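Chain by chain, the residues:
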Amino acid sequence: MSETTKSLLAGSTKEALLTFENVNVFFSKKKFFGPRSQIKAVDNVNLRIAKGEILGLVGESGSGKTTLGRTAIGLQRATSGKVIFSNGEISVDVSASKGKQWKELRKYLQIIFQDPFSSIDPNMRVFDTLRIPLRAQGVKDHNEIEERILRVFNEVGLPQDILNNYVFQLSGGQRQRVSIARVLLFNPSLVVADEAVSMLDVSLKGDILNIIKKISLNFGASFLFITHEMAVAKVIADRIAVMYLGNIVELGSSEEVISKPLHPYTQALLQASPSIDPSLKDVYRTINIKGEIPSSSAHPSGCKFHTRCPFVMEKCKTNVPELKHIEGSHYVSCWLY
Ligand code: SF4
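Residues numbered from 1 in each chain as written. Predicted model: local features only at pLDDT ≥ 70, side-chain atom pairs only at ≥ 80, totals over all residues. Heavy atoms only, no water.

**Describing unusual backbone geometry**
Phi at Asn187 takes a positive value of approximately 45°, unusual for a residue other than glycine. Mapped onto the secondary structure, Asn187 falls in the loop between α7 (172-184) and β7 (190-194). The class of Asn187 is partly exposed, set by a relative accessible area of 44%. (Helix = DSSP H or I, 4+ residues; strand = E, 2+ residues; numbered from the N terminus. Buried < 20%, exposed > 50% of the residue type's maximum accessible area, 1.4 Å probe, protein only.)

**Points about the packing of aromatic side chains**
In this structure the tally under the stated criterion is five aromatic pairs. Ring plane angle 35° and centroid distance 5.9 Å describe the contact between Phe85 and Tyr108, whose orientation is recorded as tilted. Of this pair, Phe85 sits in strand β4 (residues 80-86) while Tyr108 sits in the loop between α3 (99-105) and β6 (109-112), and the two are 23 residues apart along the sequence. When sorted by exposure, Phe85 lands in the same class as Tyr108, which is buried. Among the aromatic residues, ring-to-ring pairing joins Tyr244, Tyr265 and Phe305 into one connected group. (Phe/Tyr/Trp six-rings, centres within 6.5 Å; stacked < 30°, edge-to-face > 60°.)

**Overview of the confidence of the model for the protein chain**
For the protein chain, the average pLDDT comes to 87, and 90% of its residues sit at 70 or higher. Mean pLDDT across the secondary structure elements of the protein chain bottoms out at helix α1 (residues 3-9), with 52, and peaks at strand β12 (residues 330-332), with 97. (pLDDT = per-residue confidence, 0-100.)

**Description of helix α2 (residues 65-72)**
Across the eight residues of α2, six count as buried, placing the element largely inside the fold. Phi for Gly74, located one or two positions after α2, is positive at around 85°.

**A few points about the sheet that holds strand β11 (residues 324-327)**
Working definition: the strands of a sheet are paired by backbone hydrogen bonds and lie parallel or antiparallel to each other. Spatially, the eight strands line up as an open sheet ordered β6-β7-β8-β3-β9-β10-β12-β11, and their pairing is mixed. Looking at strand neighbours, the two that pair on one side only are β6 and β11, the edges of this open sheet. Within the sheet, the average angular offset between the axes of one strand and its neighbour, ignoring direction, is 20°. Note: β6 against β7, four bridges, orientation parallel. Directly across from Ile111, in β7, lies its bridge partner Val192. (Pairing = 2+ DSSP bridges. Axes fitted to C-alpha atoms, helices over the stretch in contact; angles between N-to-C directions.)

**Side note on the site of the ligand**
The environment of the ligand is made up of His263, Pro264, Cys303, Phe305, His306, Cys309, Phe311, Cys316, Cys334, Trp335 and Leu336. Tallied by class, the residues present in the shell around the ligand amount to nine nonpolar, two polar and no charged. (Near = heavy atom within 4 Å. Nonpolar A, V, L, I, M, F, W, Y, C, P; charged D, E, K, R; others polar.)

Quick look at the structure:
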């Protein structure tokens, strides 16, 4: 195991629930004219999610965070590398699991999608939305089904009288609560929340974030919380990983990343975030990053951020900076450090 890998895996001192080891996820894409190109959605990621922690994964659209989230729970296979899940009951490489084992993993690894309007069938009754996955996992006893549904309904603060309603009759906030309730039915060890609050109004966002925090505490579940909003990560996450073009470029406790951002990309994200504590705005340097995130099929050489970075140096264009330990649980990949 390389020094970089060891360094990255040391990103949390708590016991690991899920460990990405040298994970690559590449896709092949056919251009309209011309040959196939390779998209590097996730590029040699080493990262650990601890038991019971909420890890915020932040980056722009196209940074690879959704692909990494899907890889965490086996919805996407890694092209190479390992995704080790170990919760005390089973220890398995998620990316190599199949058949019965893959089905078994569904109980432990769950996902909340961004869009509560398309992730659950609007023409189904709420009760059936929750009953069907339980039956699919072999729970047949009607009393047990009812008991488990009422318990998760209580956890997410939904009134029992909507169990008979159709999903299309629910508000956006209620639908997202039903999505969360469905995930909780199995007491999951790890939940990937993929932009789970980005489609909700500000008032509902706070409610859902509070529910997720409560669940993490009450159920001991870990969360990989994917968001493009630094302000949301600040509220919800114990640690934050910042992703750019398939790589983790900064990692640390929420406090470290928000109060002492090191990578110019993190600084730019924070500066652009409208809801970060105004008293912290002075801490952030004025960073104007150029242009848009480059295509995932044409990663720049050296530091992938060099085409947009205002502090670019000659060596940034050719040499890849490693994710370096700075202090505490803070890591950064930048030649400035
Ligand atoms: Fe900018 Fe260079 Fe640091 Fe990359 S390595 S973020 S180009 S200063």
